[in-house]
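Chain by chain, the residues:
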Amino acid sequence: MFASGACVLYPPAAADRHQIVFLDAGHGGLDPGAVVRTQSGQRVEEADLTLKVALDALSLLRSRGFTVVLSRTGPGSVAKLRPREIAGGAFTSQGARDDLAARDQCANQARANVLVGIYFDAGGTGQSAGPVTTYDPTRTFAERNLQLAELVQADVLNYLSASGQHLPGNRVVQDSAFFDSARDATVATDPVMLLGPGGTDSTLSPSAMPGAVIEPLSLTDPFEASIAASPSDQRSIAAAIAAAVGQFLPPPAGPAPSLPSSSVPGQTLFAQNLVNSVPLVDVWRVSSAGVGQGSITVAAFDPARTELVLHAGSIQPGSNGPWLNGPEVGPAERASLLAAFNAGFKVTDSRGGWFSEVQTVVPLVPGAASVVIYADGGVDIGSWGTEVPASNRVVASVRQNLQLLIDHGQAQLQSPSNEYELEQWWGVAFQAAPLVARSALGITANGTLVWAAGTDVSIPALTNALLAHGVMRALELDINAPLVRGFLYSNPGTISGAPAVEDGALPLVEDQTQTAADFTTAGSGSAVVPHCTYITSCSRDFFTVISR
């Protein structure tokens, strides 16, 4: 029934959500779809563009625990066509119908929970530019069809806008709008046929699950064709589709992401961030480890349901850009924002490099402790060139800082014998004080990210707080107040167990609201925006944690 490379199932690459997504990469085989040219004259085929978007969405969805079925994984057709269904190097009308019908048959055989068809508009005009999403209003699950279509349409618009592509369009339309009553029903091969029988045609088996068809851009407009041909904008469209599916299929109930509070002496649960009543972030407070020391905040992020994003600040790491993820959280990311926290030292002091969004601001350093974010949404921490990156994964971002604080589950403290050695390894503390604000990020054996920070803490205390949560590898981030800071956000999650949240942001580190005025003589503290909450503009780079 299916051609080679068609109707392929991919298991989840993270904790299994037991939910199946069917992605249809439109056209293929002898049907290239629209063949157009961009503003620069580049020739592009619709079938190639839809496949690239589908493959990007595949990686993102698998990294979030979904099983994904692709209608096609290469340039060929979906159906195994017979010679009589091909004429003159093209599909006959029957061949085109059968290739389209095979996509529904694949989705139905896979028992998918949701269907998303990925096509591009090939007949649009200036008045019909921008994304358009279609749905079928005649099925028993018509309301779910509409809900999915609205999510896909909104997220595609938002993600493209966040990448600098501001397009018109609030066009969610019924599939019947695409049927011509005068058209011969025997050639009903429009992509919207994926969603159910239309017009007078009742010979195609309809899809048996909620679905929508997205046409993100109009290829007949050379400007929009140029956007469609851009790999970064293809990834934005794929990320929007993955986000919409995640919103449409909420995660099943599951356990808290890390260790229960009772397993660590002196630790109490401070707050949780829940989405659909499932805790995606757990935050604890660890009591003081000694005289003069403050408490340590420890936050764990569910690896199956959250994603890490590296942002560039207005000053650090440098003037490269423009950035999709810049000095403040944009509106598209704000809709899924759970938490944010500081990154590392100034790049001039980090003894490491900085890479993101295909831009190397500072060259990466072999052996440096590295936070690596992959294009499929996964994260790892390790020594650059030996432990990271994985050879078979595409790197999206790297933030390096010093050398590993923890490796193979063992502290790497270097046992400094004096203050000079301490500063050489772990940074110049304000007024040479060993007890300063410090932060660190680690990863456990099962991929859970654990962030720890405190206002007056020693390196051993910070390290022990991470080890108590099963961290295998970790690096120190920034030091000195007010550079060390973290927040939980009440949108989209619900913050429980903590004091009142102000302006949608809950500060996580005790006394992190100290201002830069308190550190006017400290070189590392004088050039910082004192009240940066990451949803306001920040001079230093930072990490956000978003829901998948």
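Predicted model, so just to flag it, every value in this text is computed and none were measured.

Draft legend 1. Layout of the sheet that holds strand β11 (residues 211-215). Read from one edge of the open sheet, 7 strands run β1-β5-β2-β8-β11-β9-β10, paired in mixed fashion. Only two strands of the sheet have a single neighbouring strand rather than two, namely β1 (6-10) and β10 (171-174). Strand-to-strand twist of the sheet, defined as the mean angle between neighbouring strand axes without regard to direction, takes the value 20 degrees. Against the sheet, helix α1 (residues 46-63) engages β1, β2 (20-25), β5 (67-72) and β8 (114-118), with an angle of about 170 degrees to β5. Across the sheet, helix α2 (residues 93-110) is in contact with β1, β2, β5 and β8; its angle to β2 comes to roughly 170 degrees.

Draft legend 2. Main features of α1. With 18 residues, α1 ought to run about 26 Å at 1.5 Å a step, and its terminal C-alpha atoms sit 26 Å apart, in line with that. Residues of α1 that are buried: Glu46, Ala47, Leu49, Thr50, Leu51, Val53, Ala54, Ala57, Leu58, Leu60, Leu61 and Ser63. Phi turns positive, to about 95 degrees, at glycine 65, one or two residues after α1.

Draft legend 3. Seen up close, the confidence of the model for the protein. A residue-level look at the protein finds 83% of positions with pLDDT of 70 or above and a mean pLDDT of 83. Per-residue pLDDT stays below 50 along residues 198-203; that stretch engages in 9 contacts with residues further than four places along the chain or on separate chains.

Draft legend 4. Main features of the pairing of strand β13 (residues 278-286). Among the 9 residues in β13, 9 count as buried, and that is most of the element. Pairing of strand β12 (residues 267-275) with β13 involves 8 bridges; the strand directions are antiparallel. Within the sheet, the bridge partner assigned to leucine 274 lies in β13 and is proline 279. The hairpin turn running from β12 into β13, its antiparallel successor, is 2 residues long, and asparagine 276 in that turn takes a positive phi close to 55 degrees. Note that β13 and strand β14 (residues 296-301) share 6 bridges and pair antiparallel. Residue pairing in the sheet places tryptophan 284 in a bridge with valine 298 of β14.

Draft legend 5. Geometry of the state of the cysteines. The full count for this structure, using the stated rule, is 2 disulfides. Through a disulfide, cysteine 532 is tied to cysteine 538; the S-S separation comes to 1.6 Å. Because the sign of the S-S torsion sets the handedness, a value of about 80 degrees for the bond joining cysteine 532 and cysteine 538 places this disulfide among the right-handed ones. Once the bonded cysteines of the protein are numbered in order along the sequence, the disulfide links fall as 1-2, 3-4.

What counts and what doesn't
Residues numbered from 1 in each chain as written. Predicted model: local features only at pLDDT ≥ 70, side-chain atom pairs only at ≥ 80, totals over all residues. Heavy atoms only, no water. Pairing = 2+ DSSP bridges. Helix = DSSP H or I, 4+ residues; strand = E, 2+ residues; numbered from the N terminus. Axes fitted to C-alpha atoms, helices over the stretch in contact; angles between N-to-C directions. Contact = heavy atoms within 4.5 Å. Expected span 1.5 Å × (residues − 1). Buried < 20%, exposed > 50% of the residue type's maximum accessible area, 1.4 Å probe, protein only. pLDDT = per-residue confidence, 0-100. Disulfide = S-S within 2.5 Å.

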